[in-house]
Amino acid sequence: MAVSTEIQAPRSGRIAPEYKRHGRSKGNFEMFAWLFMRLSGVVLVVLIFGHLFVNLMVGEGVHAIDFGFVGGKWADPFWQVWDLAMLWLAMLHGTNGVRTIINDYAEKDGTRMTLKTVLYLASAVVIVLGTLVIFTFDPCPAGAAADLLPSFCRA
Amino acid sequence: MSKTPAGTLYRGREGMWSWVGHRVTGVAIFFFLLVHVLDTALVRVSPDAYNAVIATYKNPFMALLEAGLVAAIVFHAFNGLRVILIDFWKKGPKNQAKMLWGVVGLWVVVMVPFLIRHLTLAFTGGH
């Protein structure tokens, strides 16, 4: 059997008018998604390399990570903003990446819509949950054993 | 009828394999990220719940998985910068293969000290 090399039209987003086979324009969404991947990517390299260095390489590395460590970091607005930016940029970057992959490989309309619905729901839950945790976190919860808490709770 | 999707042109070499590597590492990192936000969210439940789950990460087996995760992140990061250069630098497309070897070189330069430090910490117990 001869191998077909027919190239299918992209399933996502904007296509230059001369290449359009059917349907209407969806605006510039795909161009902004493309640009966002590059801009967020550069910022994420800095945020994630910094995150890994501070949490795994400094001091006792992974052994130091516990409730007190997280509480100590998030007592500082600097790390709250750092982690918030990392959460949102990484989740949107990852969600858009997986969206692209679903568009590439899921050929049936129904499969594609189902997978993308699951993806968007999971992403929304994780972004909202993570944001709430960063801002409603109590480093010194009442009733917890003092030796599990950051040192400033004893003051 | 062949079930092979039409229009899949495999060109091989640096361009295709870096693209495959970028996709595979990207998906792996994304699934880790979902779990990582959920485990960190346990700080909102109680110090004991968080510490109990984090304690299960502090063993040599998980240290090797972490090393794999960091290896994936470092490749995705440097190859992502290569993709940006291909898109925005005039000579980027012409130099894409050379830049991949630059990515691999930088990856080794970062991973060797990381692995020495992380695996030393993980296998010597810390406390």
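Just so it is clear, the structure is predicted and the values come from calculations on it, not from any experiment. (Residues numbered from 1 in each chain as written. Chains lettered and ligands numbered in written order. Predicted model: local features only at pLDDT ≥ 70, side-chain atom pairs only at ≥ 80, totals over all residues. Heavy atoms only, no water.)

## Some thoughts on the UniProt feature "transmembrane region" (unreviewed entry) in chain A
Residue and element names in this part refer to chain A.
Thinking step 1. In this structure's numbering, the residues bearing the UniProt feature "transmembrane region" (unreviewed entry) are residues 31–58, 78–98 and 118–137.
Thinking step 2. Helix makes up 96% of residues 31–58 and strand 0%, with an end-to-end C-alpha separation of 40 Å.
Thinking step 3. Helix makes up 100% of residues 78–98 and strand 0%, and the two end C-alpha atoms of the span are 30 Å apart. (UniProt positions renumbered as here; feature names shortened; annotations may be inferred. Helix = DSSP H or I, 4+ residues; strand = E, 2+ residues; numbered from the N terminus.)

## Concerning the state of the cysteines
Residues and elements named next belong to chain A.
Thinking step 1. On inspection of all chains with the given rule, the structure shows one disulfide over all chains.
Thinking step 2. Between the sulfur atoms of C140 and its disulfide mate C153 the distance is 2.0 Å. Since a negative S-S torsion denotes a left-handed disulfide, the C140-C153 link at about -80 degrees is left-handed. Here the residue C140 occupies a position in the segment after α4 (109–136), and C153 occupies one in the segment after α4, the gap between them amounting to 13 residues.
Thinking step 3. Classification of C140 by relative accessible area gives partly exposed; the value is 28%. (Disulfide = S-S within 2.5 Å. Buried < 20%, exposed > 50% of the residue type's maximum accessible area, 1.4 Å probe, protein only.)

## A look at a positive patch on the surface
Thinking step 1. Where like charges cluster on the molecular surface, the positive patch consists of B:K90, B:K91, B:K94 and B:K98.
Thinking step 2. Mapped onto the elements of the fold, B:K91 is located in the loop between α3 (60–88) and α4 (96–124). (Patch = residues over 30% accessible without salt bridge, like charges linked within 9 Å, V, L, I, M, F, W, Y side chains within 5 Å. Areas by Shrake-Rupley, 256 points an atom, 1.4 Å probe, with all protein chains shown as cover. Salt bridge = Lys/Arg side-chain N within 4 Å of Asp/Glu carboxyl O. Lys, Arg positive; Asp, Glu negative; His and termini not counted. Charge placed at Lys NZ, Arg CZ, Asp CG, Glu CD.)

## Considering the environment of B:F123
Thinking step 1. Position of B:F123 among the secondary structure elements: in helix α4.
Thinking step 2. Put simply, B:F123 and B:K58 are 65 residues apart on the chain and 9.6 Å apart in space, counted from C-alpha to C-alpha.

## A short note on the interface of chain A and chain B
As a measure of interface size, the accessible area lost when the parts come together is often cited.
Thinking step 1. Contacts between the two partners involve 52 residues from chain A, matched on the other side by 45 residues from chain B.
Thinking step 2. Summing both sides of the interface, chain A and chain B together bury roughly 4,000 Å²; the carbon and sulfur share of this comes to 74%.
Thinking step 3. Counting across the interface, chain A meets chain B through two salt bridges.
Thinking step 4. Two residues, A:R38 and B:D87, come together in a salt bridge whose shortest N-O distance is 2.5 Å.
Thinking step 5. For the pair chain A and chain B, the number of links is ten residue pairs in polar contact (both at pLDDT 80 or more). (Contact = heavy atoms within 4.5 Å. Buried area = accessible area lost by both parts, 1.4 Å probe. Polar contact = N/O pair within 3.5 Å; in protein donor to acceptor, adjacent residues only side chain to side chain.)

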